[in-house]
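Observations on the model geometry
Residue-level listing of the chains:
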Amino acid sequence: MSGAEPIPTIGMEVHLHLATHTKMFCACAVEYDAPPNSRVCPVCLGMPGVLPVMNRKAVELAIRMALALNGTIPDFAKWDRKHYYYPDLPKNYQISEYDQPLGVGGYLDVPLDGETFRVGITRVHLEEDAGKLMHPEDGACSVVDLNRTGTPLLEVVSEPDIHSAEQARAYGETLRQLAVYLAVGDCNMQLGQMRFEPNISLQIGTDEKGRPRFTPISEIKNLNSFRSVERAVAFEIARHRQEYEDDPDGYTLERLGKSTRGWLDDREETFLQRSKEEANDYRYFPEPDLVPVVPDRKWVDTIRAGLPELPEHRRRRFIKEYGLPQYDAGVLTADREVADFYEEYVRSAANTDAKTAANWMMQDVMRILNERKVAIAEIRIGPGDVAEVSDMVVTGTINRSTGSDVFAKMLESGKSAAEIVEEENLAQTSDESELKAVVDRVIAENPGPAEDFRGGKERALGRLIGQAMRATGGKANPKVVREILVRKLRG
Amino acid sequence: MATIDLTACRMRDALRARNLSAVEAAGACLEAIDRLNPGIRAFLSTDAQGARRRAEEIDKRLDAGEDVGLLAGVPVAVKDNMCTDDGQPTSCASRILENWRAPYNAHVVERLLEEGAVIVGKTNMDEFAMGSSTENSGFEATRNPWDLDRVPGGSSGGSAAAVSARMVPMALGSDTGGSIRQPAALCGVVGLKPTYGRVSRYGLVAFASSLDQIGPFGRTVEDAALLLQATAGHDPRDSTSVPEADQPVPDYLAALDEPVAPLRIGVPKEFFGEGLDAEVEKIVRDALAVYAGLGAELVNIDLPHSTDYAIATYYIVATSEASSNLARYDGVHYGHRSSDHADMIDMYMRSREEGFGDEVKRRIMLGTYALSAGYYDAYYKKALQVRRLIRQDFDRAFEKVDCIMGPTSPTAAFRQGEKTDDPLTMYLSDVYTASCNLAAIAGVSIPCGFTEAGLPVGLQILSGVFTEERLLRIARMYERETDWPSRAPPVCGEAP
Ligand SMILES: [Zn+2]
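Residues numbered from 1 in each chain as written. Chains lettered and ligands numbered in written order. Predicted model: local features only at pLDDT ≥ 70, side-chain atom pairs only at ≥ 80, totals over all residues. Heavy atoms only, no water.

Turning our eyes to something else, we now look at the overall build of chain B. Of the regular secondary structure elements, chain B holds 15 helices and 11 strands. The C-alpha atoms of chain B give 21 Å as radius of gyration, which agrees with the globular expectation for 496 residues (23 Å, within 12%). Structurally, chain B occupies a C-alpha span of about 65 × 55 × 50 Å along its principal axes. Within chain B, the fraction of its 496 residues that count as buried is 65%. Long-range contacts, defined as pairs at least 24 residues apart, comprise 76% of the intrachain contacts of chain B with a sequence gap of at least 6. Summed over its atoms, the accessible surface of chain B is roughly 16,900 Å², and 49% of this surface lies on carbon and sulfur atoms. Side chains of chain B give 50 positive and 70 negative charges; the mean places of these two sets differ by 2 Å. (Helix = DSSP H or I, 4+ residues; strand = E, 2+ residues; numbered from the N terminus. Rg over C-alpha atoms; globule rule 2.2 N^0.38 Å. Buried < 20%, exposed > 50% of the residue type's maximum accessible area, 1.4 Å probe, protein only. Contact = heavy atoms within 4.5 Å. Areas by Shrake-Rupley, 256 points an atom, 1.4 Å probe, with all protein chains shown as cover. Lys, Arg positive; Asp, Glu negative; His and termini not counted. Charge placed at Lys NZ, Arg CZ, Asp CG, Glu CD.)

Counting its regular elements, chain A contains 16 helices and 15 strands. Here chain A has a C-alpha radius of gyration of 30 Å; the compact-globule value for 491 residues is 23 Å, and the former is much larger. Projected onto its principal axes, the C-alpha coordinates of chain A cover approximately 90 × 60 × 55 Å. The 491 residues of chain A split such that 51% are buried. A sequence separation of at least 24 residues applies to 69% of the contacts in chain A between residues at least 6 apart.

Moving on: the layout of surface pockets. Residues and elements named next belong to chain A. Taken as a whole, the second largest pocket holds about 660 Å³ of empty space. Along the wall of the second largest pocket there are 29 residues; nearest its centre are D109, P111, T174, Q177 and E312. Counting only elements with at least two residues in the lining of the second largest pocket, the list comes to strand 5 (107-112), helix 2 (165-181), helix 6 (311-322) and helix 7 (326-333). Counting residues per element, the lining of the second largest pocket draws most heavily on helix 2, at seven residues. For the lining of the second largest pocket, a count of residues per class yields 12 nonpolar, eight polar and nine charged. (1 Å grid on protein atoms, 1.4 Å probe; cavity = no way out; pocket = protein on both sides within 12 Å on 5 of 7 lines; lining within 4 Å. Points joined across faces, edges and corners; volume = space filled by probe spheres on them. Nonpolar A, V, L, I, M, F, W, Y, C, P; charged D, E, K, R; others polar.)

For the rest of this paragraph, the subject is the interface of chain A and chain B. Each partner contributes to the interface: chain A provides 31 residues, whereas chain B provides 38 residues. The junction of chain A with chain B conceals about 2,800 Å² of combined surface from both sides, 59% of it contributed by carbon and sulfur atoms. Three residues, P48, Y85 and R283 of chain A, lead the burial of chain A against chain B; their summed loss comes to 24% of the area buried on that side. On the surface where chain A and chain B come into contact, there are one salt bridge. Here chain A is connected to chain B by 18 residue pairs in polar contact (both at pLDDT 80 or more). By residue class, the composition of the side of chain A that touches chain B is 22 nonpolar, four polar and five charged. (Buried area = accessible area lost by both parts, 1.4 Å probe. Salt bridge = Lys/Arg side-chain N within 4 Å of Asp/Glu carboxyl O. Polar contact = N/O pair within 3.5 Å; in protein donor to acceptor, adjacent residues only side chain to side chain.)

With that settled, consider the pairing of strand 10 (residues 442-450) of chain B. Residue and element names in this part refer to chain B. Counting buried residues along strand 10, nine of its nine residues qualify, which places the element largely inside the surrounding structure. The pairing of strand 5 (residues 190-193) with strand 10 spans three bridges and is classified as antiparallel. Looking at strand 10, one finds that L192 is bridged to V444. Two elements, strand 10 and strand 11 (residues 456-463), share seven bridges in a ladder whose sense is antiparallel. Across the sheet, V444 pairs through a bridge with I461, a residue of strand 11. Turn length for the strand 10-strand 11 hairpin, with the two strands adjacent in sequence and antiparallel, is five residues, and the turn residue G454 shows positive phi of about 85 degrees. (Pairing = 2+ DSSP bridges.)

Our next topic: a nonpolar patch on the surface. A cluster of nonpolar residues, Y86 of chain A together with M344, I345 and M349 of chain B, forms a patch on the protein surface that exposes about 370 Å² of accessible area. Looking at where M349 of chain B falls in the secondary structure, it is placed in helix 10 (residues 344-355). Look at M349 of chain B and you get exposed, because its relative accessible area is 55%. (Patch = residues over 30% accessible without salt bridge, like charges linked within 9 Å, V, L, I, M, F, W, Y side chains within 5 Å.)

The subject of this paragraph is the pattern of salt bridges. As enumerated under the stated definition, the model contains 77 salt bridges over all chains in all. Here K415 of chain A makes a salt bridge to E423 of chain A, at a shortest N to O gap of 3.1 Å. For K415 of chain A, a relative accessible area of 32% gives the class partly exposed. Across the pair E281 of chain B and R285 of chain B runs a salt bridge whose closest N-O atoms are separated by 3.0 Å. With E281 of chain B and R285 of chain B both in helix 8 (residues 278-293) and four residues apart, the pair spans about one turn of that helix. Under the relative-accessibility criterion, E281 of chain B is labelled partly exposed at 22%. In this structure R285 of chain B comes out as partly exposed when scored by relative accessible area, which is 39%. Salt bridges sharing common partners tie together E309, R314, R317, E321, D340 and E343 of chain A.

The next subject is the coordination of the zinc ion. All names here are of chain A. The coordination sphere of the zinc ion, as far as protein atoms go, consists of C26 (SG), C28 (SG), C41 (SG) and C44 (SG), spread over 2.3 to 2.4 Å. Coordination at the zinc ion comes from four donor atoms whose angles at the metal span 100 to 115 degrees, giving a geometry best classed as tetrahedral. Sequence spacing among the residues donating to the zinc ion works out to C-x1-C-x12-C-x2-C. Residue C26 is found in the loop between strand 1 (7-17) and helix 1 (56-68), and its partner C41 is found in the loop between strand 1 and helix 1; the two are separated by 15 residues along the sequence. Residues C26 and C41 agree in their burial class; the two are buried. (Donors = N, O, S within 2.8 Å, 3.2 Å for Na, K, Ca; no water. Tetrahedral: all angles 85-135°; square planar, octahedral: opposite > 155°, others 65-115°.)

All names here are of chain B. Of note, L30 is situated in helix 2 (residues 22-40). Placed 92 residues apart in sequence, L30 and K122 show a C-alpha to C-alpha distance of 13 Å. Filtering out sequence-adjacent residues up to four positions away, L30 remains in contact with A48, A51, R52 and V120.

Another aspect to go through is empty space enclosed by the protein. Residues and elements named next belong to chain A. Within the structure shown, the criterion is met by seven cavities of 30 Å³ or more. Counted as a void, the largest cavity has a volume near 120 Å³. What lines the largest cavity is a set of 15 residues, and nearest its centre among them are F25, V43, P52, K91 and E128. Considered class by class, the residues forming the lining of the largest cavity number nine nonpolar, two polar and four charged. Of the voids in this model, the second largest cavity is the one considered here, and its volume is about 80 Å³.

Residues in a regular strand project their side chains so that they alternate between the two faces of the sheet. Residue and element names in this part refer to chain A. For strand 13 (residues 258-264) and strand 14 (residues 269-274), the ladder comprises five bridges, and the chain directions are antiparallel. Looking at the pairing, R261 lines up with L272 of strand 14. Between strand 13 and strand 14, which pair antiparallel one after the other, the connecting turn spans four residues, and E268 there sits at a positive phi close to 55 degrees.

This paragraph deals with the state of the cysteines. Two cysteines, two sulfur atoms, one covalent bond between them: this is a disulfide. Under the counting rule described, the total for this entry stands at zero disulfides over all chains. C187 of chain B takes part in no disulfide bond, and the closest cysteine sulfur to it belongs to C492 of chain B, at a distance of 11 Å. (Disulfide = S-S within 2.5 Å.)

All names here are of chain A. Assigned domains of chain A: these are domain 1 (7-302), domain 2 (309-423) and domain 3 (432-490). Each partner contributes to the interface: domain 1 provides 10 residues, whereas domain 2 provides 13 residues. At the boundary of domain 1 with domain 2, total buried surface from both sides reaches about 880 Å², with 56% on carbon and sulfur atoms. Taken together, domain 1 and domain 2 are joined by four residue pairs in polar contact (both at pLDDT 80 or more). Among the elements of the structure, helix 1, strand 5 and helix 2 are those that each provide at least two residues to the side of domain 1 that touches domain 2. Among the residues making up the side of domain 1 that touches domain 2, the classes are represented as five nonpolar, three polar and two charged. (Domains from an automatic or database assignment.)

With that out of the way, let us pick up the nonpolar core. Membership of the largest hydrophobic core comes to 163 residues, with the highest contact counts inside it found for F128, M167, Y291, I404, I446 and I461 of chain B. Top element by residues in this core is helix 2 of chain B. It accounts for 10 residues. If near-sequence neighbours (up to four positions away) are discounted, M167 of chain B is found in contact with C29, A32, I33, L36, N37, I40, A42, F43, A161 and A162 of chain B. Listed in part, the 64 residues of the second largest apolar core include Y171, I200, L223 and I237 of chain A. (Core = buried A, V, L, I, M, F, W, Y, C linked by side-chain atoms within 4.5 Å.)

Here it is in structure tokens:
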């Protein structure tokens, strides 16, 4: 049944570096800015005679991720060797998990445009990364840096449940957020700590027996940004549509199978790397140098018990429990430490309500984080300090804009809000007699706006309040100033 | 008695008593090597200077009354597939690794040094341990000390010949399908393959990772026990080495002279079938009669999968793993790099073409084929299934008997060149030994007599996993009744 609108059908393979201190099978440090070939040893160099020894922390992190993706941890997982010749792979085989991975099944709920869609997870497995082969423009030969060789890599393979370029991107972003939340990986895209390989095909109606038909699968290798994922998938969807329109009988999965494509970031197009015929035979077989992984049930239970509340669940809870808008809840739960900070802040505030606290978080705390490009743990004030200053605003001790200034000064000096307000004499004044004198002076000095207000222009009042605030060094309680002004001008 | 005629244990006693210095012991071995090695070619490299220096240091420590370890001052040779960071090559007797120097010591080499041994040199072998005659060495063939026209067996032929010709009192070899036991038999010495996991493989250049195991050569059971004692035990760098908590290393020497009684010996009919040389069979049956005379019960048993199937299974498992282990010798990071190449793929191909010998290439091709898509299930996977059956054969047998005995090799040492054109016949040299590796159990070959032509014959004794202590006692029972270790090859008689 051709003619029906083709449905993009996309599965994703995502590789991410695990946040371990050492490599997958040796004790070398995982470092990204070390001089080339300085974080290596006989084991990760694949020297004759060496043997791998599994990094238990990497297995723990993989299990953590698999559990967070609602997967199951089989009682038995094993290592396999995957063979291919390439200069960045000293042994010419990669230790991976082929048919019995650490994590099986599960799903990830992905929010997009105020709704969520569910992507099935096929498997989660561990492997070792390769080195970096480089081709210096001036060099007569290629060079290889093996610092990355043996870095623990987690591969998350999804079911083909993604149906658009936007969804592909959102899936990648949500998976990244989850990995960072769980402290499974830092997922720094610039450092190549996360790489994406979408598999794209279009479902093109069904055959005479009602089974779905597909265009050939193309796998795009090594995408390392969300933008490139979105662009590359969009490009492929369009390309598949065109190819299929041009040759509806020939451009099918049965005929052409699966091919591998690369992505040119500058030209924003994919190119063929390997067709079905050229597919590698990796000659997988069980790695005889390692014993199988038989995760102890108690250990798995401990890892499960240690899982934090996951971002999507937390986002929904923030909306329900704190009455936050969708947007605020999304922003505040994107980073686990920010969300933790916010909750602690709400708990410790005496007078600030949850919504006001959310505003403080977004307008003051997170603005500073963005400006300084630091994590919330790196600033010198805690949730209780922010609660102190926002409580002072809510109770009227200082006004809102003074509050922001005090907050900034707290960051600089590490002093408490009370100390700063006290030292700098910032407490706002609500004393009527004092403020009446100020208001009289302002009206006298600004006859124009005063006339305008009397003439019915409400907006002119704002200017007069502003003048009064300035005259008091920002300490005047703007509410009281406003009342006095209105009384005077109308009265 | 000349120093080189001392067994390792007696040499150790003399060194501890300060009746012999480590410098004298090393000097005697180096002298014997100078005299005998040109004819036998057991060593690929020797380190006379290093050995003397180390011997001097050990003498000083012994003089100071220090405990210098189990092997204090005893010279030892190491097969050339074990990494040493002393500047000697670790070539695996392959042209492809001719110029490679290991920057680290194998676990067993560390152990030897910790126990005070003096490593005098590295011994010849079939290239990457692939062969049964040491004729596949990329450099030169080792000769059998009992008849220089004959092979010493392999692949650890250099270590076996070196011990047999009394160039060193003991040596380390590696055994993947019989590579310690078969040359031990052909050279008339004791060679033991420990249970898989007993000795760390860290620093042993891999041939077939699930089968390889390092083990000792000595002229006596006691010497083999001593060297096993020094090298056995857990190593966290080898995930397949067994933790001490699960399998503590027993004292192999303490009760060595205590007979095992009662002793039930399994005699598998499969080890006495077609292909077994009549003279070898008679000598081995005489050895069994000695055990019977000591009160042992001989029990006929079946090991239905353990000869014909074992060889087929062995050659699939071993070549598959070898094809993977040897992939790293590509001229990029490791191995000879061809100077003449058009591009990267061409460089890979030419480097491997030039660097590997024929037998290694043959096995890489076999293994690559067996692991290929579409063939994996029929070959590798099937081989793993048969491997389980072989293990079951032994498990069942060891419910009824304490050990299994038979010939180590179907023939005594064959002539140089006799089987080099017929790989399949050569493969049958391992027919009685390969199943031991597939079942991951322990096995030893001890001298049990000589043919009319004066060639040694070996008795193979197999026993269950981690039963080396009892296995050595069983071997010692026979040794006490006979006097084979005192016989030296004629070539040694030419000593000045
Ligand atoms: Zn390393």
